[in-house]
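Structural characterization, general
Take a look at the letters that make up each chain.
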Amino acid sequence: NASLWELPGGKVDFGEHPRIAIEREMREELGMQVKVEELYDVFSHVYSEQLQVLLMVYRCQPGPLAPQAIECKAFTYVTPKDAMSYNLAPLDREIIAQIVNDPTIS
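Residues numbered from 1 in each chain as written. Predicted model: local features only at pLDDT ≥ 70, side-chain atom pairs only at ≥ 80, totals over all residues. Heavy atoms only, no water.

Section: the overall build of the protein
Keep this limit in mind: We count a stretch as a helix when DSSP gives it H or I for four or more residues in a row; a strand needs E for two or more, and each element gets its number in order from the N terminus. We compute the radius of gyration from the C-alpha atoms alone; for a globule the expected value is 2.2 Å times N to the 0.38, where N is the number of residues. Between buried and exposed lies partly exposed: a residue is buried under 20% and exposed over 50% of the maximum accessible area for its type, with that area taken using a 1.4 Å probe on protein chains only. The criterion used for residue contact is that any of the two residues' heavy atoms lie within 4.5 Å. Accessibility throughout is a Shrake-Rupley quantity obtained with a 1.4 Å probe, and a residue counts as covered only by protein chains that appear here. Asp and Glu count as negative and Lys and Arg as positive, but His and the ends of the chain are not part of the count. Charge positions come from single atoms, namely NZ of Lys, CZ of Arg, CG of Asp or CD of Glu.
Broken down by element type, the protein carries three helices and two strands. Secondary structure elements of the protein, listed N to C terminal, follow the sequence α-β-β-α-α. On C-alpha atoms alone, the protein measures out to a radius of gyration of 14 Å, which is about the 13 Å that the 2.2 N^0.38 rule sets for 106 residues. Principal-axis analysis of the C-alpha atoms places the extent of the protein at approximately 35 × 35 × 30 Å. Burial status across the protein gives 25% buried among its 106 residues. Considering only contacts in the protein between residues 6 or more positions apart, those separated by 24 or more positions represent 52%. Just so you have it, the protein exposes about 7,500 Å², and 55% of that area is on carbon and sulfur atoms. Put simply, the protein has 9 plus and 16 minus side-chain charges, and the middle of one group is 3 Å from the middle of the other.

Side note on the state of the cysteines
Operational definition: Defined by distance alone, a disulfide is two cysteine sulfur atoms within 2.5 Å.
This structure, assessed with the given rule, holds zero disulfides. Here Cys60 is not cross-linked by a disulfide; its sulfur's nearest cysteine counterpart is in Cys72, at 16 Å. Residue Cys60 is classed as partly exposed on the basis of its relative accessible area of 29%.

As for the pattern of salt bridges
Here is the rule we go by: We define a salt bridge as a side-chain nitrogen of Lys or Arg found within 4 Å of a carboxyl oxygen belonging to Asp or Glu.
Going through the model one piece at a time under the given rule, you end up with five salt bridges. Across the pair Arg24 and Glu16 runs a salt bridge, and its minimum N-O distance is 2.8 Å. Across the pair, Glu16 and Arg24 agree in class, each one buried. For Arg24, the salt bridge identified is with Glu28, shortest N-O distance 3.3 Å. One end of the pair is Arg24 and the other is Glu28, both in helix α1 (residues 18-30) and four residues apart, which spans about a single turn. Arg24 gets classed as buried once you look at its relative accessible area, which sits at 13%.

Concerning the environment of Leu39
Its place among the elements puts Leu39 in strand β1 (residues 34-46). For Leu39 and Phe14, which are 25 residues apart along the polypeptide, the C-alpha to C-alpha distance reads 20 Å. Contact partners of Leu39, with chain neighbours within four places excluded, come to Arg19, Met56, Val57 and Tyr58.

Points about helix α3 (residues 90-100)
What counts here: By construction, the arc corresponds to the directions joining the helix axis to the C-beta atoms.
Of all the residues in α3, the buried ones are Leu91, Asp92, Ile95, Ile96 and Ile99. Projection of α3 onto a plane perpendicular to its axis shows the buried side chains occupying an angular sector of 130 degrees, all on one side. Each element contacted by the buried residues of α3 is listed here: β1, β2 (52-62) and α2 (80-83).

Written as structure tokens, this is what we have:
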């Protein structure tokens, strides 16, 4: 839905490692580099019988390039708590809610 805010990322191409997919998606969507760290968690959501999504969330550190809106209308940096006030995609809302309540994330 074009009116929803979403976390950056996308599909993993056939034969592509998820870490490489994150690096590629961040370049394509925001023109930035990231250092992909460990896997944070895995989430799934059933939108319909035809659409089920499995989302692997990794911890990442931004690289030296400033992000820019390449494949999106706009972007913003907000804290996870502040992100909850945005009109988020359902699975992204679930992910951010978990991050907000995760005592290991400061």
